[in-house]
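# Coordinate analysis (summary)
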Amino acid sequence: MIKSGIPSGPLEQKWNDYKGHVKLVNPANKRKLEIIIVGTGLAGASAAASLAELGYQVKAFCFQDSPRRAHSIAAQGGINAAKNYQNDGDSVFRLFYDTIKGGDYRAREANVHRLAEVSASIIDQCVAQGVPFAREYGGLLSNRSFGGTQVQRTFYAAGQTGQQLLIGAYQALERQVALGNVKMYARHEMLEVVLIDGKARGIIVRNLITGALERHFGHAVLLCTGGYGNVFYLSTNAMGCNVTAAWKAHKKGAYFGNPCFTQIHPTCIPVSGDYQSKLTLMSESLRNDGRIWVPKEKNDSRKATDIPEEERDYYLERRYPAFGNLVPRDVASRAAKERCDAGYGVGTSKQAVYLDYADAINRYGKIECGKHGNENPSKEEVIRLGKEVVKEKYGNLFDMYEKITGENPYEVPMRIYPAVHYTMGGLWVDYELMTSIKGLYCLGEANFSDHGANRLGASALMQGLADGYFVIPYTIGNYLADEIRTKEIPTDHPAFVEAEKNVSDRILQLKNINGKQTVESFHKRLGKIMWDKCGMARNAQGLGEAITEIQQLKKEFWSDVKIPGEINEMNPELDKANRVADFIELGELMCIDALNRNESCGGHFREEMQTEDGEAKRDDANYSFVAAWEYKGDHNWELHKEDLIFEVAKPTQRSYK
């Protein structure tokens, strides 16, 4: 069993006790220590800003042309915090419990409780930075609900919360850049971790403009590089999102935790054709007021507006009356798939369900008419005023839907279907966010730690900022306090030379294949295998077939991929080939992990393991552990287990009925 380093003592006191006894680095010594941060989304930008503010010398790297292009910008709906502004019964404990339960009891209790504890501080931090959260009429910050909860704890900025939070973190980062405490390297991609005496001491990066390889030293390395949902090809992730930095660390010895735990988001715009390169998320916040339904009649080809109320099946409200349309994402996604598979799907593909705002528009319209003293309003007036309220709350999301589909969601219901969104798996980290490699840390979506087998909505932004602003500034000192005598290691050290040669040789090998098939075609084929056999539903036969197919795909990739252009120049196809090669290997491990976990939990739904009602059926006796995989060579991994101990949130069968 592997050790997580969780402090002893009562759950609610662990973090405070840890902070009170952790080693510190004095300000003069911080100025002598260099920290490398890879990735500048919410986790990376907040960590870089916080550590530089403390006095550390920080080097930050991103493959985008600006930190503001990080994919955190795409988050729409909100960020959770246990502020209890609504006075509706929320608390730190309830946020902790909802998150543990939502993750189907496959998250680490101590990490989740810490996340709930610092959540309120995140909101204060962001308000101080000027993040324009939505406010009520009286000026108080507004909240809305997200799936898996019965309280309103989600803070938001219309449907662009991620963008506003990232601007706040970006401004804090740029302040430190201007002060000279952070050196920013945009358009640089990390392709190797440099280890010296078993500790992470630097990275090898490729300058994506010139193609040149560079060596960079650091006393510690932080990976904040996001999730790996693009292993499925079609996902809600930006097309540049990849697993490469985390995968390079994994192949150097960092364990990969729970790789098969993938989140399928229930409210995405459905696939529209064979030539689509990504999918578009419609925020979960839309489930606050929207009602999800399908026709009661199979293969009903009528327009949604022609189907009367009594012939509609509001299946989430029917199956889960206590939570209704606000069940967790994995539950809502499987329910949509079940209805479509049974023949009740809508749209031309029949792989969609309706998300309808007619009731909300009517309800809000009547409230507005009442405010104006209009006791007998016309139907047209009610709808007009109702649309204005909905536009204020969700307008940019509705505009986005109309631009993509050509349909006006104020007039007709949206069509939605589940899609790959977030990955709960990632590099295994201990309580301090350190991987199994000393001095190598992993923050945000790139690590496995806080969400279990399913992430509750509005907790990705919470985890990224918690890790960067409030966790790593404490925990990294515990390691660096023993490194203050370590001088800067010159980058002509043999370990740097060897690491750069390995990167150069791999790039040369890729470029010299000179095959006939494009990188994109391999990625698309991998995605189809993953979605069909390791997607929303998995079974032993399909996973076994997927492993064989991916191994064959890897062999074909390394013998027949075609990469145009040259090495020592800007070459996006070469960059993409590097990433797809890593995705292929990751895909194999994901299927191995899914095959090994003979239970259903959260987003990991093994068809052989389900209740009579078709819900996920856990096996706590045999699978209450984190699966931490160690790379041992081609097609070869060793499983290590971290036992999950629940002192407070005792595992029970999840029910949202």
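Residues numbered from 1 in each chain as written. Predicted model: local features only at pLDDT ≥ 70, side-chain atom pairs only at ≥ 80, totals over all residues. Heavy atoms only, no water.

Here helix H1 (residues 14–21) crosses helix H12 (residues 460–480) at 45°, and the two axes come no closer than 10 Å. Accordingly, the angle class assigned to the pair H1 and H12 is oblique. With respect to the hand of their crossing, H1 and H12 are arranged in left-handed fashion. Residues Trp 15, Tyr 18 and Lys 19 of H1 lie in contact with H12, whose contacting residues are Phe 470, Val 471, Tyr 474, Thr 475 and Asn 478. Class assignment for the residues of the contact of H1 with H12 results in five nonpolar, two polar and one charged. (Axes fitted to C-alpha atoms, helices over the stretch in contact; angles between N-to-C directions. Helix = DSSP H or I, 4+ residues; strand = E, 2+ residues; numbered from the N terminus. Parallel < 35°, antiparallel > 145°, perpendicular 65-115°, else oblique. Left-handed = near helix turned anticlockwise from the far one by under 90°. Contact = heavy atoms within 4.5 Å. Nonpolar A, V, L, I, M, F, W, Y, C, P; charged D, E, K, R; others polar.)

Under the defined criterion, the tally for this structure stands at four cavities of 30 Å³ or more. The computed volume of the largest cavity comes to approximately 60 Å³. Around the largest cavity sit Thr 262, Gln 263, Ile 264, Arg 329, Asp 330, Ser 333, Arg 334, Met 424, Ala 453, Asn 454, Met 536 and Gly 603, which together line it. Where the lining of the largest cavity is concerned, the elements lending two or more residues are strand S11 (262–268) and helix H9 (329–344). Sort the elements by how many residues they give to the lining of the largest cavity and H9 lands first, with four residues. Taken together, the residues of the lining of the largest cavity sort by class into four nonpolar, five polar and three charged. (1 Å grid on protein atoms, 1.4 Å probe; cavity = no way out; pocket = protein on both sides within 12 Å on 5 of 7 lines; lining within 4 Å. Points joined across faces, edges and corners; volume = space filled by probe spheres on them.)

In total, this model carries 26 aromatic pairs according to the counting rule given. Here Tyr 255 and Trp 428 contribute two aromatic rings whose centre-to-centre distance is 6.4 Å and whose plane-to-plane angle is 50°, an arrangement assigned as tilted. Here Tyr 255, found in the loop between helix H7 (244–251) and strand S10 (256–257), pairs with Trp 428, found in the loop between strand S16 (426–427) and strand S17 (440–442); they are 173 residues apart in sequence, far enough to count as distant. Overall, the relative accessible area of 5% leaves Trp 428 in the buried class. Grouping aromatic residues by their ring pairs yields a cluster made of Tyr 228, Trp 247, Phe 256, Tyr 631 and Trp 637. The aromatic ring of Tyr 170 is capped on one face by Arg 68, whose charged end is 5.9 Å from the ring centroid. A cation over an aromatic ring shows up here: Arg 579 above the ring of Phe 63, its NZ or CZ 4.9 Å from the ring centre. (Phe/Tyr/Trp six-rings, centres within 6.5 Å; stacked < 30°, edge-to-face > 60°. Buried < 20%, exposed > 50% of the residue type's maximum accessible area, 1.4 Å probe, protein only. Lys NZ or Arg CZ within 6 Å of the ring centre and 35° of its normal.)

This part takes up the domain arrangement of the chain. Split by domain assignment, the chain resolves into domain 1 (266–420) and domain 2 (494–643). Put simply, the middle of domain 1 and the middle of domain 2, counted by C-alpha atoms, are 35 Å apart. Contact with domain 1, which involves twelve residues of that partner, is made by ten residues of domain 2. The contact between domain 1 and domain 2 buries some 810 Å² in all, and 57% of this surface belongs to carbon and sulfur atoms. The three residues of domain 1 that bury the most area against domain 2 are Asp 330, Arg 334 and Lys 337, which together make up 50% of that side's buried surface. (Domains from an automatic or database assignment. Buried area = accessible area lost by both parts, 1.4 Å probe.)

The next subject is the pattern of salt bridges. As enumerated under the stated definition, the model contains 58 salt bridges in all. Between Arg 291 and Glu 317 there is a salt bridge whose closest N-O contact spans 2.8 Å. Here Arg 291, found in strand S12 (residues 291–295), pairs with Glu 317, found in helix H8 (residues 315–319); they are 26 residues apart in sequence, far enough to count as distant. A residue is classified by how much of its surface remains accessible, and Arg 291, at 18% relative accessible area, is buried. (Salt bridge = Lys/Arg side-chain N within 4 Å of Asp/Glu carboxyl O.)

What follows deals with the sheet that holds S11. Read across the sheet, five strands follow the order S11-S15-S14-S12-S13 without closing on themselves; strand pairing throughout is antiparallel. Only two strands of the sheet have a single neighbouring strand rather than two, namely S11 and strand S13 (312–313). Of the pairings in the sheet, the one linking strand S14 (residues 353–356) to strand S15 (residues 414–423) comprises three bridges and is antiparallel in character. Bridge assignment links Val 353 to a residue of S15, and that residue is Ile 416. (Pairing = 2+ DSSP bridges.)

Right, let's talk about unusual backbone geometry for a bit. Peptide bonds are trans in most cases, and residues, glycine excluded, mostly fall at negative phi. Of note in this structure, Ala 158 is not a glycine but carries a positive phi near 50°. Looking at where Ala 158 falls in the secondary structure, it is placed in the loop between strand S4 (154–155) and helix H6 (161–179). Using a relative accessible area of 28% as the deciding quantity, one classes Ala 158 as partly exposed. Positive phi, close to 55°, is recorded for Asp 197, a residue that is not glycine. Here Asp 197 shows up in the loop between strand S6 (188–196) and strand S7 (199–207). The exposed category is assigned to Asp 197, whose relative accessible area is 76%.

On to the sheet that holds S10, then. Pairing within the open sheet is antiparallel, and its four strands lie in the order S16-S10-S18-S19. Either end of the sheet is taken by a strand with one partner, and the two such strands are S16 and strand S19 (636–643). The pairing of strand S18 (residues 625–633) with S19 spans eight bridges and is antiparallel. Along S19, the bridge assignment pairs Phe 625 with Asp 643. Each of S10, S16, S18 and S19 touches H7; the most contacted strand, S18, lies at about 75° to it. Lying on the sheet, helix H16 (residues 572–596) is in contact with S10, S18 and S19; it crosses S18 at an angle near 135°.

Attention shifts here to H7. When you tally the buried positions in H7, you get seven out of eight residues, the bulk of the element. The complete set of buried residues in H7 reads Thr 244, Ala 245, Ala 246, Trp 247, Lys 248, Ala 249 and His 250.

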